[in-house]
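The chain contents come next:
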Amino acid sequence: MNAEGLFPMPTVRLVAGVDEAGRGPLAGPVAVAAVILDTRRRIRGLYDSKQLSERKREALFPLIQERALAWRVEFVAPDEIDRLNILQATLEGMRRAVLALQPFPDLVRIDGNRAPKGLNCMAETLVGGDAIEPAIMAASILAKVSRDRLMVQLHATFPQYGFDVHKGYCTREHDAALDAYGPCPEHRRRFVNVRSAERALEGVQG
């Protein structure tokens, strides 16, 4: 306790930034990344991944992995998203990503206005944090690039949907493919158009 009778704030040494990619697509996982940057190894060009070109994100991706003190990317699969709902699935991905960090952070800064429970450390939420906090910027890049790469891999298994182009988001072409082929295991059944396409295909086959 200090001279004013207040307990001192704990010293914050390691700050982790957390962000996600892929909350809105019809297909594929949500990707969540947590990053602790090394203040001694600066990474130039960090910014919100949505504002960076694909080429710039790809260039920053290995630099973040190489220079960060710790990083982790977690994928929450479509079936878990359907079971939990996208908000709870995202929060669960955040929890897993943070708890996997070594060294463990003293403080977690999360893009948005919701923090998961069970982090075992202090947590702050920052609306628009991916344009404010460098560690969140780094996390947003890792999450975005990791998810985009996975969707390209899924395209090899399910080429009829065009995952390599739209990354699972709702586009005219994606909707047309759903109507023609119905959903695959990577589609999220919580979306009305995915369920409708599935029912329509079952009706034709029946």
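Residues numbered from 1 in each chain as written. Predicted model: local features only at pLDDT ≥ 70, side-chain atom pairs only at ≥ 80, totals over all residues. Heavy atoms only, no water.

Caption draft 1: Geometry of the overall build of the protein. Helices and strands together make up the secondary structure of the protein, namely 7 helices and 5 strands. Order of helices (α) and strands (β) in the protein, N terminus to C terminus: β-β-α-β-α-α-β-β-α-α-α-α. Seen along its three principal axes, the alpha-carbon backbone of the protein occupies a region of about 75 × 35 × 25 Å. By sequence separation, contacts in the protein at least 24 residues apart represent 61% of the contacts at least 6 residues apart. With the model as given, the accessible surface of the protein reaches about 10,900 Å², and the carbon-plus-sulfur share is 51%. Taken together, the 28 basic and 26 acidic charged side chains of the protein have centroids lying 3 Å from each other. (Helix = DSSP H or I, 4+ residues; strand = E, 2+ residues; numbered from the N terminus. Contact = heavy atoms within 4.5 Å. Areas by Shrake-Rupley, 256 points an atom, 1.4 Å probe, with all protein chains shown as cover. Lys, Arg positive; Asp, Glu negative; His and termini not counted. Charge placed at Lys NZ, Arg CZ, Asp CG, Glu CD.)

Caption draft 2: Representation of the side chain of Glu-80 within the structure. Of note, Glu-80 is situated in helix H2 (residues 78-84). Accessibility expressed as a relative area gives 14% for Glu-80, which makes it buried. The residues touching Glu-80, leaving out its near neighbours within four places in the chain, are Asn-85, Glu-92 and Arg-96. (Buried < 20%, exposed > 50% of the residue type's maximum accessible area, 1.4 Å probe, protein only.)

Caption draft 3: Just the nonpolar core, in detail. Residues Ala-33, Val-35, Leu-46, Leu-60, Ile-64, Ile-141 and Leu-142 are the most contacted members of the largest nonpolar core, which totals 19 residues. At the level of elements, strand S2 (30-36), helix H1 (54-67) and helix H4 (134-157) are the ones that each hand at least two residues to this core. Here Leu-46 is in contact with Leu-37, Leu-60, Ile-64, Pro-134, Met-137, Ala-138 and Ile-141, once residues within four sequence places are set aside. By size, the runner-up hydrophobic cluster in this structure holds 15 residues, among which are Val-32, Leu-91, Leu-101 and Leu-119. (Core = buried A, V, L, I, M, F, W, Y, C linked by side-chain atoms within 4.5 Å.)

Caption draft 4: Structural view of helix H6 (residues 172-181). Along H6, the positions that sit buried rather than exposed are His-174, Ala-177 and Leu-178. End-on, the buried residues of H6 take up no more than an arc of 105°, which puts them together on one face. Opposite the buried face of H6, at more than 90 degrees from it, the exposed residues are Arg-172, Glu-173 and Asp-179. (Arc of directions from axis to C-beta.)

Caption draft 5: Molecular detail of the sheet that holds strand S4 (residues 107-111). Taken together, the 5 strands give an open sheet; going across it, the order is S3-S2-S1-S4-S5, and neighbouring strands pair in mixed fashion. Two strands lie at the open edges of the sheet, namely strand S3 (70-76) and strand S5 (122-126), each paired on one side alone. The mean inter-strand angle of the sheet, taken between neighbouring strand axes irrespective of direction, is 20°. Where strand S1 (residues 15-21) lies against S4, 4 bridges are found, and the strand directions are parallel. Opposite Val-15, over in S4, you have Leu-107 as the bridge partner. In the packing of H4 onto the sheet, contacts are made with S1, S2, S3, S4 and S5, and the angle to S1 comes to roughly 35°. (Pairing = 2+ DSSP bridges. Axes fitted to C-alpha atoms, helices over the stretch in contact; angles between N-to-C directions.)

Caption draft 6: View of H1. Relative to the 20 Å expected for 14 residues at 1.5 Å per residue, H1 spans 20 Å between its end C-alpha atoms, a close match to the ideal helical length. Restricting attention to buried positions, one finds in H1 the residues Arg-57, Leu-60, Phe-61 and Ile-64. For H1, the secondary structure elements touched by its buried residues are S2 and H4. (Expected span 1.5 Å × (residues − 1).)

Caption draft 7: Structural detail: the packing of aromatic side chains. Enumeration according to the criterion identifies 2 aromatic pairs in this entry. Seen in terms of ring centroids, Tyr-161 and Phe-163 are 5.4 Å apart; in terms of plane orientation they differ by 15°. Their pairing is stacked. Of the two residues examined, Tyr-161 and Phe-163, each falls in the buried class. Looking at Arg-149, its charged tip hangs above the ring of Phe-61, at a distance of 4.3 Å from the centre. (Phe/Tyr/Trp six-rings, centres within 6.5 Å; stacked < 30°, edge-to-face > 60°. Lys NZ or Arg CZ within 6 Å of the ring centre and 35° of its normal.)

Caption draft 8: Region of interest: the packing of H1 against H4. In contact at an axis separation of 9 Å, H1 and H4 are set at 115° when each is read in the N-to-C sense. The crossing of H1 and H4 is left-handed. Residues Arg-57, Glu-58, Leu-60, Phe-61, Ile-64 and Gln-65 of H1 form the contact with H4, whose participating residues are Ala-138, Ile-141, Leu-142, Lys-144, Val-145, Ser-146, Asp-148 and Arg-149. Residue classes in the contact of H1 with H4 are distributed as 7 nonpolar, 2 polar and 5 charged. (Left-handed = near helix turned anticlockwise from the far one by under 90°. Nonpolar A, V, L, I, M, F, W, Y, C, P; charged D, E, K, R; others polar.)

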